[in-house]
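# Chain and residue survey
Next come the chains, spelled out residue by residue.
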Amino acid sequence: MSATLPSIRFHLRATQMRGVCSYLSELKYHYSSAASSTLKRKAFSNTITPHSYFEISSLQPTKEIKNSVGVRRFSTDRQNNNESYLPHGVNRQSDFFGEAITFVNDIDESLITSIDKSIQITCSNQNAAAQQHDIAKAVESFDGMALCIVSRGASNLHTGNDGDGPDAKAMHSSAMTWSELIRCASVWNDGNGGNGQSTSPMLAVAAVAPLLAQGGKDYVHRIDKLLSATQSPTPGTPPSLWKIANHAASFRDAFISPTDDDAATPLLTPRERFHLHALSMLIQNNHRCAMGAYLRLLELYPGDLLGLSLALDVAYSLGDGEAARAAATNVSTYWSERDGGSLRLHPAQSGQTLASSLVAVGLSSSSALSRAATAETLVEMALSRDPDGAGGTSVWALSNILGSEGRSSEMVSRLAGFDGTQLYQNCGFLNFHTRMAGYGGIALLDQRGAASERSALRLYDGFAYLLDYSGNNAQGINNGGEEVVLRDMRVPRSVVRDAVGSIFSGWFGNDDAKEKENDPSLQDQDTVQRKGQKPRTLEDTLCWLPPSPILLTQATSLLFRLTLVDGVSQSDHRWVDLTAAWKYSLEMENEANTQKPFEFMPMALLASSLLLDPETLHHEQIPLQLEIAMQGLNKMGKLLKLGQSQDRTSTTASEWNEVMRDLAQARDSCQRWEMPDGMESTTYLPTRSVDHNSKSNPKYPIGWDFDVRQFLEHGLCYAAVQVGDYESLCLARAICSEGTTLRQNCPELWWR
């Protein structure tokens, strides 16, 4: 069955796509008649036996793989040289980056074996059989979403409406791309489509894996609840991300036997099976096993930019800078060898600048293992070639590079200044631009301290706006929460028509703006037209997302720093809203879960413990270092009375001494708190009963260095000042000395 060419609209939108203009020649060739025809890929000759989901060694190919003559080569995921072609109904296409995507269209279920029925969830869309499986449209939507994921929304085929400002415009752009893919993924991974089995697992990976990596499975369930109230584009039930992901993951070990005489061969390519293995682990909130799958994937297929992007997201959720560095170094040589150079003497691989910026993120993730100079060179090269497309990921790398060296002034320019914000302003996918603005607020506090409170608060208001529109603040939760508040939210309107002639309207005619200001009914007319008139669509839901654990963590980090420098009071309403948002996220736990909603993310546990009881945040055993840090921050939050009305009850030095001792033990990898016999210390106590090096309680990293420092280092120094004795001040002085040695360009360390 031959696939039709994508619509001309795709090519027209591609010319408007920021950050990938240099790849248009690749796109034209990619969608040429030769590349869009049916790809008769050759199947594997060696049989791979089914295996446990926790073992991935047998997923790798055992032979050098070649392509059929006359068809464009895949970038890294090659097919084995066999005399038999894939059976009728199995089609493989090449995506924008040259990787293979398998489409299985109505194959007799008896021919496919080893489908994992335990995780396959049948969707309930009754009209799936009537929907046509359009391969060209599916590849088009996958290409757009892959670019959106890798660039964090900067390289987008759509331009959002600007009626609610640049932030909402960026979110709307990503929502349109995302919703197109979800529609295609729900058709291909429905489970009830036609008489046979149909699937395209990579569509599900692109649609759901980023959400699972950053928010976990409970966050996906929250989004599904919002999607269930939307209007389906076709008659039937709205799509469910959870069901799409489970249906796709069930095909990881699927084998196909076209005839009784043929040996069973894997239905999917090894690269796709690695992606599905990682997806199945993310579905279980097992991010550490998913990280292992992504590292193995990148070893075998270093050209997989989607895999690199997801690996960095998972590494950030785990707080594992070493894993992020390993992911980056696994692929750095592959991309550097395919760089066309500044003169473009030979063609570069598609996505070269995006790959350079992502590699820079991994290289700068951990201060102890950082190659800041190398990472900064890659960032500057990416920004010089493609500031629009690679701007968001480049700024992410710069926040780690400049933060690790204390270069606060440069960090303010890159993340808080007008020119710097233009680099990530369009990165609305999963509110990435809000996260980068939060880093800019921390940079302002590092540069000027309390003198920058207004500027830092302005950047924090991006988080406050997110809590407000999603109903995750105190008032919104009292009004029914996000399911009630968000049902009136629609995508932004466009102000282009209003802008035409507006310069002369005040001179030669009635000024509509002044008329709206004087008449309250006209002032609210746009809001009435936009809200409550039509059922919500996929774009509405995906544009206005509730806060993820990562967003709440970074909001807590910035507000904590503002409180320590007296930028906001401990009883400020922002603390009340943030506490309500954390509680609401915790209450969204699925009843069948054995884990709390954000137990997989150590930094979320650390940040939320400042406001919530640590015992309520996790079911399973956590590393002792993280447990001590959570207890220390929880005591600190109680002493500061965050989000509570201030009373005249004073705190004692002994109470602050407990906070300082816990944070000191959590921060240090050595055991300096173990005092020799006959010596006493007011600061350090003997180690606890559980050995820090015990195999039963392994020591995992809490977060990337820049993020952890905002809580442990600054909280520890503040507590030491509150204690005020000589030994405590010596500890604070030692920490400041460490900072001025490693990050001597940071003004905050000197005036601290």
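Right, let's walk through the structure included here. (Residues numbered from 1 in each chain as written. Predicted model: local features only at pLDDT ≥ 70, side-chain atom pairs only at ≥ 80, totals over all residues. Heavy atoms only, no water.)

### Re the sheet that holds strand E3 (residues 112-113)
Selection criterion: In short, DSSP must find at least two bridges between two strands for them to pair. Each helix is a run of DSSP H or I of at least 4 residues and each strand a run of E of at least 2, with the numbering of both proceeding from the N terminus.
As summarised here, the arrangement of the three strands in space is E3-E5-E6, forming an open sheet in which the pairing is antiparallel. Edge positions in the sheet fall to E3 and strand E6 (265-266), since each has one partner strand and no second. The pairing of strand E5 (residues 255-256) with E6 spans two bridges and is classified as antiparallel. Its bridge partner lying in E6, Ile256 is registered against Thr265.

### A word on helix H6 (residues 201-227)
Basically, it comes down to this: The length a helix should cover is 1.5 Å for every residue beyond the first. Working definition for bend: take the seven residues up to and ending at a residue and the seven starting at it, fit an axis to each, and measure the angle between the axes. Residue burial is assigned from relative accessible area. The probe radius is 1.4 Å, only protein chains are included, and a residue is buried under 20% of its type maximum, exposed over 50%, and partly exposed in between.
Here H6 is 27 residues long, yet its end C-alpha atoms lie only 21 Å apart, well below the 39 Å a rise of 1.5 Å per residue gives. Taking the largest bend as the criterion, H6 deviates by roughly 120°, centred on Gly215. Buried residues dominate H6, accounting for 25 of its 27 residues.

### Let's talk about the nonpolar core
Stated formally: Among buried residues, those of type Ala, Val, Leu, Ile, Met, Phe, Trp, Tyr and Cys that are joined through side-chain atoms within 4.5 Å constitute a nonpolar core. Here, two residues are considered to be in contact whenever any of their heavy atoms come within 4.5 Å of each other.
Counting 201 residues, the largest nonpolar core has Trp178 and Leu578 as the members making the most contacts within it. Excluding anything up to four places from it in sequence, Leu578 contacts Tyr460, Leu467, Leu552, Ala555, Thr556, Leu559 and Leu611.

### Details of the packing of helix H17 (residues 432-448) against helix H27 (residues 549-564)
Short version of the rule: Fitting a line to C-alpha atoms yields each axis, with helices limited to the stretch in contact; the angle taken between N-to-C directions then spans 0 to 180 degrees. Any angle that is under 35 degrees is reported as roughly parallel, and any over 145 degrees as roughly antiparallel; angles of 65 to 115 degrees are reported as roughly perpendicular and all others as oblique. Crossing handedness: left-handed means the near helix sits turned counterclockwise from the far one by under a right angle, and right-handed means the same turn made clockwise.
Where H17 contacts H27, the two axes come as close as 10 Å, and the packing angle between them is 15°. On the basis of the axis angle, H17 is roughly parallel to H27. The two elements H17 and H27 cross, and the hand of that crossing is left-handed. For the pair H17 and H27, contact is made by Thr434, Arg435, Gly438, Tyr439, Gly441, Ile442, Leu445 and Asp446 and by Ile550, Leu551, Gln554, Ser557, Leu558, Arg561 and Leu562, respectively.

### Considering the pattern of salt bridges
To keep things clear, this is the line we draw: The working definition used for a salt bridge is a side-chain nitrogen of Lys or Arg within 4 Å of a carboxyl oxygen of Asp or Glu.
In the structure shown here, the tally under the stated rule is 21 salt bridges. With its nearest N and O atoms 3.0 Å apart, the salt bridge here joins Arg667 to Glu738. With Arg667 in helix H31 (residues 653-667) and Glu738 in helix H33 (residues 726-742), this residue pair connects regions lying 71 residues apart in the sequence. Take Arg667: its relative accessible area is 21%, and that puts it in the partly exposed class. For Glu738, a relative accessible area of 35% corresponds to the partly exposed category. Its salt-bridge partner being Arg743, residue Glu713 comes within 3.2 Å of it at the nearest N-O pair. With Glu713 in helix H32 (residues 705-723) and Arg743 in the loop between H33 and helix H34 (747-751), the pair connects residues that are 30 residues apart, well separated along the chain. We note that Glu713, like Arg743, is buried.

### Looking at helix H10 (residues 305-318)
In plain terms, the rule: As used in this structure description, the phrase polar contact means that two N or O atoms lie within 3.5 Å; if the pair is within protein, one of them must be able to donate a hydrogen and the other to accept it, and residues adjacent in sequence are counted only when both atoms belong to side chains.
The first and last C-alpha atoms of H10 sit 20 Å apart over 14 residues, in line with the 20 Å expected at 1.5 Å per residue. With 14 of 14 residues buried, H10 lies mostly within the body of the structure. The backbone nitrogen of Leu306 has a side-chain oxygen 3.3 Å away, supplied by the residue at the start of H10, namely Asp304.

### Describing the pairing of strand E1 (residues 90-94)
In terms of residue burial, E1 counts as a mostly covered element, since five of its five residues are buried. Burial along E1 is two-sided: Val90, Arg92 and Ser94 facing one way and Asn91 and Gln93 facing the other are all buried. Here E1 pairs with strand E2 (residues 100-107) via five bridges, running antiparallel. Looking at E2, one finds that Ser94 is bridged to Ala100. What sits between the antiparallel neighbours E1 and E2 is a turn of five residues, in which Gly98 has the positive phi angle 85°.

### Comments concerning the packing of aromatic side chains
Counted only if it meets this: Working definition: rings of Phe, Tyr and Trp (its six-membered ring) pair if their centres are within 6.5 Å, and the pair is stacked with planes under 30 degrees apart, edge-to-face with planes over 60 apart, and tilted otherwise. Whether a charge lies above a ring is judged from NZ of Lys or CZ of Arg, which has to be within 6 Å of the ring centre and within 35 degrees of the ring normal.
Per the counting criterion, the structure on display carries 15 aromatic pairs. Cluster of aromatic residues (ring-pair linked, three or more members): Tyr316, Trp396, Phe432 and Trp704. When the ring centre of Tyr316 is taken as reference, the NZ or CZ atom of Arg435 above it lies at 5.1 Å. Over the ring of Trp396 we find Arg435, and its NZ or CZ is 5.6 Å from the ring centre.

### A few points about the environment of Val208
In this fold, Val208 is placed in helix H6. Given a relative accessible area of 1%, Val208 falls into the buried group. Linking Val208 and Leu279, residues 71 residues apart in sequence, is a C-alpha distance of 8.5 Å.

### Here we look at unusual backbone geometry
Positive phi is not limited to glycine here, since Arg152 has a value of about 60°. With respect to the helices and strands, Arg152 occurs in the loop between helix H4 (135-150) and helix H5 (166-188). We classify Arg152 as buried; its relative accessible area is 3%. Positive phi is not limited to glycine here, since Lys641 has a value of about 55°. Within the fold, Lys641 resides in the loop between helix H30 (624-640) and H31. Judged by its relative accessible area of 13%, Lys641 falls in the buried class.

### Quick look at the state of the cysteines
The condition that has to hold: By definition, disulfides here are pairs of cysteine sulfur atoms that lie within 2.5 Å.
The final tally for this structure, using the stated rule, is zero disulfides. Free of any disulfide, Cys736 has its nearest neighbouring cysteine sulfur in Cys717, separated by 4.5 Å. The class of Cys736 is buried, set by a relative accessible area of 14%.

### What to know about the environment of Gln284
Structurally, Gln284 can be placed in the loop between helix H8 (270-283) and helix H9 (287-300). Given a relative accessible area of 40%, Gln284 falls into the partly exposed group. With 310 residues separating them along the chain, Gln284 and Thr594 place their C-alpha atoms 9.9 Å apart.

### Some thoughts on the sheet that holds E2
Ordered by their spatial adjacency, three strands build an open sheet running E1-E2-E4, and the pairing between neighbours is antiparallel. With one partner strand each, in any of the chains shown, E1 and strand E4 (197-199) form the two edges of the open sheet. On average, each strand axis in the sheet is tilted by 25° relative to the strand beside it, whichever way the strands run. Alignment of E2 against E4, held across two bridges, turns out to be antiparallel. When the bridges of E4 are listed, Val104 appears paired with Thr199.

By themselves, these observations are geometric and do not establish any function.
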